[in-house]
Amino acid sequence: MTVSSPEAGVPAAKYVDGTQMCPHRRVLEHVTSRWGVLVLIELLDRPYRFSELRRAIGRVSEKMLTQTLQTLERDGLVHRDAKPVIPPRVDYSLTDLGREAAEQVRDLALWTERRMADVERARAAYDEAKRT
């Protein structure tokens, strides 16, 4: 994968060996994963407790949400705030870096919503062409 950012003056990173994964590609996979996208967008609104976040996202297992939050926390996108109270209270929020990523992901999600009719027309045309 080759990525460059001329506006930031960042040169393209080239990885010739296909067995190695680019570091930025791993982060991209975390941010754009099925649950990563939903976690980031949801946390844009406010901090959430684990169970609140799970209900807000829906259909995510406890294990997958835990793994997703840990991955995003490790990448510096999510902050985990464990309060020393009984019963234990843990809140999840976005870091500044996470907010920046979440805004980008939200924009992509909004674009998808706006352009869904075009996608459906393209799919129908493709399917029709394949049938003939």
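Everything here concerns the structure above.
Since the structure is predicted, the reported quantities are computational estimates derived from the model, not experimental observations. (Residues numbered from 1 in each chain as written. Predicted model: local features only at pLDDT ≥ 70, side-chain atom pairs only at ≥ 80, totals over all residues. Heavy atoms only, no water.)

Asks: What is the right way to look at the overall build of the protein chain in this model?
Replies: Each helix and strand in the protein chain was counted, giving five helices and five strands. Within the protein chain, buried positions represent 23% of all 132 residues. Once local pairs closer than 6 in sequence are excluded, the contacts in the protein chain between residues at least 24 apart make up 40%. Per element, the accessible surface of the protein chain, about 9600 Å² overall, is 53% carbon and sulfur. (Helix = DSSP H or I, 4+ residues; strand = E, 2+ residues; numbered from the N terminus. Buried < 20%, exposed > 50% of the residue type's maximum accessible area, 1.4 Å probe, protein only. Contact = heavy atoms within 4.5 Å. Areas by Shrake-Rupley, 256 points an atom, 1.4 Å probe, with all protein chains shown as cover.)

Asks: Help me understand the nonpolar core in this model?
Replies: Nonpolar side chains in soluble globular proteins generally cluster together in the buried interior. Within the largest apolar cluster, 22 residues are counted, with the highest numbers of intra-cluster contacts made by V39, L40, L43, L53, L65 and L69. Mapped by element, the contributors of at least two residues to this core are helix 2 (34–43), helix 3 (50–57), helix 4 (62–74), strand 5 (89–94) and helix 5 (96–131). Of all the elements, helix 2 adds the most residues to this core, at four residues. Setting aside residues no more than four positions away along its own chain, L69 makes contact with V39, F50, L53, V78 and Y92. (Core = buried A, V, L, I, M, F, W, Y, C linked by side-chain atoms within 4.5 Å.)

Asks: Whenever I open this one, the packing of helix 2 against helix 3 confuses me. Can you help?
Replies: A pair of packed helices is characterised by two quantities: the angle between their axes and the separation of those axes. At a minimum axis separation of 10 Å, helix 2 and helix 3 run at an interaxial angle of 110°. Our classification of the angle between helix 2 and helix 3 gives roughly perpendicular. Judged by the sense of rotation from one axis to the other, the crossing of helix 2 with helix 3 is right-handed. Contacts between helix 2 and helix 3 pair W35, L38, V39, E42 and L43 from the former with L53, A56 and I57 from the latter. Its residues assigned to classes, the contact of helix 2 with helix 3 comprises seven nonpolar, no polar and one charged. (Axes fitted to C-alpha atoms, helices over the stretch in contact; angles between N-to-C directions. Parallel < 35°, antiparallel > 145°, perpendicular 65-115°, else oblique. Left-handed = near helix turned anticlockwise from the far one by under 90°. Nonpolar A, V, L, I, M, F, W, Y, C, P; charged D, E, K, R; others polar.)

Asks: Explain the packing of aromatic side chains here, please?
Replies: For any two aromatic rings, the description comes down to two numbers: the centre-to-centre distance and the angle of the planes. Tallied over the entire structure, the rule returns zero aromatic pairs. We note R46 situated over the ring of Y48; from NZ or CZ to the ring centre the distance is 3.9 Å. (Phe/Tyr/Trp six-rings, centres within 6.5 Å; stacked < 30°, edge-to-face > 60°. Lys NZ or Arg CZ within 6 Å of the ring centre and 35° of its normal.)

Asks: Help me understand the pattern of salt bridges in this model?
Replies: Side chains carrying opposite charge are able to pair once their charged atoms draw close together. The final tally for this structure, using the stated rule, is seven salt bridges. Here E52 and R46 are joined by a salt bridge, their closest N and O atoms 3.7 Å apart. The class of E52 is partly exposed, set by a relative accessible area of 26%. Here R89 makes a salt bridge to D91, at a shortest N to O gap of 3.1 Å. A relative accessible area of 11% means that D91 is categorised as buried. What you see here is one network of salt bridges that share partners, running through D81, K83, R89 and D91. (Salt bridge = Lys/Arg side-chain N within 4 Å of Asp/Glu carboxyl O.)

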